[in-house]
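# Structural description and commentary
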Amino acid sequence: MCNKEFMAAAVKLSRDHMEANDGGPFGAVVVKDGKVVAEGYNKVTSTNDPTAHAEVVAIRNACSSMSTFNLKGCELYTSCEPCPMCLSAAYWSGVDVIYFSNTRKDAAAIGFSDDFLYEQVALPLDQRSLPIKHMKLDEANKVFQDWMVKEDKVLY
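One structure accompanies this document, and this report is about it.

## Here's the deal with the pattern of salt bridges
- Summed over the entire model, instances satisfying the criterion amount to six salt bridges.
- Between Asp 49 and Arg 60 there is a salt bridge; the shortest N-O distance is 3.8 Å. On the criterion of sequence distance, the pair formed by Asp 49 in the loop between helix H2 (44-47) and helix H3 (54-66) and Arg 60 in helix H3 is long-range, its members being 11 residues apart.
- A relative accessible area of 43% places Arg 60 in the partly exposed class.
- With a closest N to O distance of 2.6 Å, Lys 142 and Asp 146 form a salt bridge. Of this pair, Lys 142 and Asp 146 are both found in helix H7 (residues 138-149), four residues apart, which corresponds to roughly one turn of the helix.
- Here Lys 142 falls in the partly exposed class, since its relative accessible area comes to 37%.
- Given a relative accessible area of 36%, Asp 146 falls into the partly exposed group.

As structure tokens, then:
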């Protein structure tokens, strides 16, 4: 069940760090077993890192503090509906659920529209605005073949 205190914590991060000019107005917390295990806020402009969105920062911090790459059993509370990158990171992390407050439309209304990204991801590679070219190298496939037979690999 969604806990409003955790959402309030994410929203407080968004306000505190927006007011401190650390980045955009976004905050997130990762919760496990009813306790906040990590938090994150938007650090895009303060770290010159376009991937430092609140959710990604929170996921990185949670994985680091818990010494794992799998956040199964965790919940992600975020002040805004995740963008495509953050949504993908949440899927990759294995969180059980995402709770959000502001919507994509709310974000778009203040200049943070993700519609273009959602549209681009749905297009075939040759129709995207960012050129994406396939460059086949046999050695790359050899690495994949070697991965398949590697006995000490860590699956994720």
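## A look at the nonpolar core
- In terms of nonpolar packing, the biggest core is built from 16 residues, with Val 30, Ile 59, Leu 71 and Leu 76 touching the most fellow members.
- Every element with two or more residues in this core is listed here: strand S1 (27-32), H3 and strand S3 (74-80).
- Per element, the largest residue contribution to this core is five residues, and it comes from H3.
- The residues touching Ile 59, leaving out its near neighbours within four places in the chain, are Val 30, Leu 71, Leu 76, Ala 89, Ala 90 and Ser 93.

Cut-offs used in this document
Residues numbered from 1 in each chain as written. Predicted model: local features only at pLDDT ≥ 70, side-chain atom pairs only at ≥ 80, totals over all residues. Heavy atoms only, no water. Salt bridge = Lys/Arg side-chain N within 4 Å of Asp/Glu carboxyl O. Helix = DSSP H or I, 4+ residues; strand = E, 2+ residues; numbered from the N terminus. Buried < 20%, exposed > 50% of the residue type's maximum accessible area, 1.4 Å probe, protein only. Core = buried A, V, L, I, M, F, W, Y, C linked by side-chain atoms within 4.5 Å. Contact = heavy atoms within 4.5 Å.

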